[in-house]
Amino acid sequence: QLQAYGGGLVQPGGSLRLSCAASGIIFSIPVLTWHRQAPGKQRELDASVTSTGITNYADSVKGRFTISRDNSKNTVYLQMNSLKPEDTAVYYCDATIRARAGRPTRDYWGQGTQVTVSS
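This text gives an overview of the structure that appears in the document. Note that the structure is predicted; figures quoted are calculated from it, not measured. Numbers given to residues run from 1 along each chain, matching the order in which its sequence is written. Local features in this predicted model are restricted to residues of pLDDT 70 or higher, and side-chain atom pairs are both shown and tallied only at a pLDDT of 80 or more, whereas totals for entire chains, interfaces and linings draw on every residue. Only hydrogens and water are set aside when side-chain values are computed; all heavy atoms of the structure are taken into account.

## What to know about the nonpolar core
One broad trend across soluble globular proteins is that nonpolar side chains are buried collectively.
(1) Moving on: Ranked by size, the top nonpolar core spans 29 residues in total, and within it Trp 34, Ile 67, Leu 78, Met 80 and Tyr 91 carry the most contacts.
(2) Moving on: It is strand β9 (residues 89–98) that contributes the most residues to this core, 5 residues altogether. Residue types Ala, Val, Leu, Ile, Met, Phe, Trp, Tyr and Cys, when buried and joined through side-chain atoms within 4.5 Å, form a set referred to as a nonpolar core. The buried label applies to any residue whose accessible area, calculated with a 1.4 Å probe on protein chains only, is under 20% of its type's maximum; exposed applies above 50%, and partly exposed to all values in between. Helix and strand definitions follow DSSP, with helices as H or I runs of at least four residues and strands as E runs of at least two, each counted in order from the N terminus.

So this is what it looks like as structure tokens:
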């Protein structure tokens, strides 16, 4: 199970920090990812982080967003700075989880949190 929170209404140029915590039977989480889906658009990847800390960002958020994780809490964060109106979307977290050693991984999605950037 994934629980995402931290969305809200913010003015252009402002900041928000999203969090997403995974719970349940977890052996490891190789990859944690944040996606967004704006009205009328397809879901797209914003940023991902591996269990060893390797990060990847969409060009549209490089230099503004920072993804991080706390492996002890099975939690991923997305620090969003210099927000723009075009960042308005529902943000979803995605966790690739291995429930037990030697078992295949499975993708789990959080319920989404709304981020609105507007003056």
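That shown, we press on.
## Overview of the state of the cysteines
Cysteine pairs can be covalently joined through their sulfur atoms, and such a bond is termed a disulfide.
(1) Moving on: Here, two cysteine sulfur atoms that lie within 2.5 Å of each other are counted as a disulfide. According to the stated counting rule, one finds 1 disulfide in the structure shown.
(2) Moving on: Two residues share a disulfide in this structure: Cys 20 and Cys 93, whose sulfurs sit 1.9 Å from each other. Judged by the sign of its S-S torsion, about 50°, the bond between Cys 20 and Cys 93 is right-handed. Placement of the pair is Cys 20 in strand β3 (residues 16–22) and Cys 93 in strand β9, with a sequence separation of 73 residues.

## Quick notes on the sheet that holds strand β1 (residues 2–5)
(1) Moving on: Being paired, for any two strands, means DSSP has found at least two bridges between them. Spatial ordering of the open sheet is given by β1-β3-β8-β7, a layout of 4 strands whose pairing is antiparallel. The open sheet is flanked by β1 and β7 (65–70), the only strands paired with a single partner. Neighbour to neighbour, the strand axes of the sheet diverge by 15° on average, direction disregarded.
(2) Moving on: Pairing of β1 with β3, which is carried by 4 bridges, proceeds in the antiparallel orientation. Bridging across to β3, Gln 3 finds its partner in Ala 21. Throughout, an axis means a line fitted to C-alpha atoms (over the contacting stretch in the case of helices), and angles, computed between N-to-C directions, take values from 0 to 180 degrees.

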